[in-house]
Amino acid sequence: MRKSKRFAIGFALLLVVSIIVSGCTGNNGPNNPDSVVNEGNEPNADEPRVSMTMFMGDSGLPHPDGVDPSNNKFINIVEDYANVDLEIDIPSYADFQTRFNLMTASGDMTDIVHSWLPDEAYPLARQGAFIDLKSYYDNSPQVQKYITPEMMEFAKDPVSGNYWRIPMAWDKGPQGSGVHMMRGELIDQYNNGVWPTSVEEWIEFFRVVKREVPDAIILSNSVAGDYVFGNGGGVIYYWYGALPYQWRVEDGEIIPNVLTPEFREATQVMRDLYAEGLLDKEFATNDDQTYNERVINNTVLLQVMSADNIAAGASYYKTEPTLPPHAKDVKWLFAPPLSSPPSVLRDPRYAEAKSGLPIITHGLYIPESTQDKDRAWRVIEGFASDELYEALFWGYEGEGVTYNTVDGQRVPTDKIGTGSEDYWSLHLALLFGFVDGQESKQAANLTVLGEDYHKEVYDSIEVIDQQARANGIGDLPGYAAEGDALLQAPESRLAINSFAVEAIMGRISMEEFDQRVQQWEQQFREVIYGPMQAYLDANKDELLAQGVQHIGW
């Protein structure tokens, strides 16, 4: 259930840069965007409208200037559904965690709380800060329409067994992650349209591109906190099934990737690429801004990316006016999985895509201090209303708004998607999930990419999605590190960063690298992975039944 800080940071940036979504109001609503009404959910005439408060994050998509977070055409749908007037406290993405912690520490909480920090919220809930929402959920067909019982089980507190949050769904988009080629057009230009099938063939392709484009960086990376290896820094490790901070199960035993032969060989390959000038000399220190600039301007070829972001990124490159002219010729595609994986790889499935959980860490909570808990639940139902779904993912029908109906099909206009005036509204998909609305997204991407490129993009996504679904869930649902296992995790990552980076840069020999890995095992393996192993041993049958197939490999 835990999500890494690396994911949280990267996800917010991808929201800003990549995800395509439409925003306005429902297809059955009025064409005037300022006069949305909640048809079909009229409040009881005898029920007074009340004022309530809500704390909410913007997930990296802030309200534009002039848009009132507490009074706009989208939040008004929720307010009318629940018959409330909401006063919304919405800090910036950068300030969210600090503000959340200050609010909960003070005990002066709003009536409804949105957070993506279950590791902070659940311990507070166990102490009485939030109520169990299961009985409300069981009596709400509207919320059940988007949040399944399976999702609720995945969101259940593994310590108390309570259901503190209504989670955000994450099951509608394509599944899995893979190696993403950001300059797919170069496969045609320099490799006769033939994709490399092995690590060795990819490295030969790197050399060809470097000769043809001398200022090409080939592989780069960005660093986020104590996670050094992300983006392009994870490509080689991905192909070897040994991403640095992850683990695998071999014959029932959890093995940290850093202890595997595959990790060592991948580090040796990275070392060779660095020495040859095919890996960015600043790979261990680049921030996101520097990395993005190099991707755009310096022919960075590959990175590891989740499947739900590829099509959106492809459209972004076609439409973003601040990008250089060559960006419109760039092809964003998944590279096909290697048909000849490294010989050292114990099982090719370790290097294949896997599905995520059907939820992510976002959720809606009701504090114990809330006076009108029933009405607060109605607000949560409002965020699951069909009208809000239509508003966020399709918008208005009619000339000059977001779509028209042609031959029975909804066709987006140029006012849908990234850069449109209502794109910010995606952050209100607090139950639907940011990857929902695939029909409108595919339609919008088709208008931008054209039929041929659109097919290439989605065909490449389908390969990863099918592989991920076949391999099942890749996490360990229900496990949450506590105590020393949680406290020592950052130090563990810093130690991995240290010996891996020093080996790659040639500052230590591979023999010294082996010694440092052994020291890491002695210091961290049992304290971090011992509790995880115990959880796996105690819950293996249940986890297999949930679709966590990799624990049986």
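Rules used throughout
- Residues numbered from 1 in each chain as written.
- Predicted model: local features only at pLDDT ≥ 70, side-chain atom pairs only at ≥ 80, totals over all residues.
- Heavy atoms only, no water.
- Helix = DSSP H or I, 4+ residues; strand = E, 2+ residues; numbered from the N terminus.
- Buried < 20%, exposed > 50% of the residue type's maximum accessible area, 1.4 Å probe, protein only.
- Pairing = 2+ DSSP bridges.
- Contact = heavy atoms within 4.5 Å.
- Axes fitted to C-alpha atoms, helices over the stretch in contact; angles between N-to-C directions.
- Parallel < 35°, antiparallel > 145°, perpendicular 65-115°, else oblique.
- Left-handed = near helix turned anticlockwise from the far one by under 90°.
- Nonpolar A, V, L, I, M, F, W, Y, C, P; charged D, E, K, R; others polar.

Digging into unusual backbone geometry
Here comes step 1: For Ile218, which is not glycine, the phi torsion reads 75° and is therefore positive.
Here comes step 2: Positive phi is not limited to glycine here, since Asp251 has a value of about 50°.
Here comes step 3: Relative to the elements of secondary structure, Asp251 occurs in the loop between strand S6 (247-250) and strand S7 (253-256).
Here comes step 4: For Asp251, a relative accessible area of 65% puts it in the exposed group.

Examining the sheet that holds strand S5 (residues 177-181)
Two orientations exist for strands paired in a sheet by backbone hydrogen bonds: parallel and antiparallel.
Here comes step 1: Spatially, three strands are ordered S8-S5-S9 in an open sheet, and the strand pairing comes out antiparallel. Where the open sheet ends on each side, the last strands, each with one partner, are strand S8 (302-306) and strand S9 (333-334).
Here comes step 2: Sheet topology note: the S5/S8 ladder contains five bridges and is antiparallel. Residue pairing across strands places Ser177 opposite Ser306, the latter belonging to S8.

Side note on the environment of Ile310
Here comes step 1: For Ile310, the location among the structural elements is in helix H13 (residues 310-319).
Here comes step 2: Separated by 24 residues in sequence, Ile310 and Phe334 place their C-alpha atoms 7.7 Å apart.
Here comes step 3: With residues near it in sequence (within four places) discarded, Ile310 still touches His180, Met305, Trp332, Leu333, Phe334, Val457 and Ile461.

Quick look at the packing of helix H16 (residues 438-449) against helix H17 (residues 451-471)
Helix-helix packing: each pair is described by the crossing angle between the helix axes and the interaxial distance.
Here comes step 1: In contact at an axis separation of 7 Å, H16 and H17 are set at 130° when each is read in the N-to-C sense. Here H17 runs oblique to H16, going by the angle between their axes. The hand of the H16/H17 crossing is right-handed. Contacts between H16 and H17 involve Lys441, Gln442, Asn445, Leu446 and Leu449 from the former and Glu451, Tyr453, His454, Val457 and Tyr458 from the latter.
Here comes step 2: For the contact of H16 with H17, the per-class residue count stands at five nonpolar, three polar and two charged.

Re the sheet that holds strand S1 (residues 50-55)
Here comes step 1: The five strands are arranged S2-S1-S3-S10-S4 in an open sheet whose pairing can be described as mixed. In this open sheet, the two strands that pair with only one neighbour each are strand S2 (84-89) and strand S4 (166-169). Strand-to-strand twist in this sheet, taken as the mean axis angle between neighbours without regard to direction, amounts to 25°.
Here comes step 2: As paired elements, S4 and strand S10 (residues 359-365) share four bridges and run antiparallel to each other. Across the sheet, residue Met168 finds its bridge partner in S10, namely Ile360.
Here comes step 3: Packing against the sheet, helix H3 (residues 96-106) makes contact with S1, S2 and strand S3 (112-115), and its axis sits at approximately 145° to S3.

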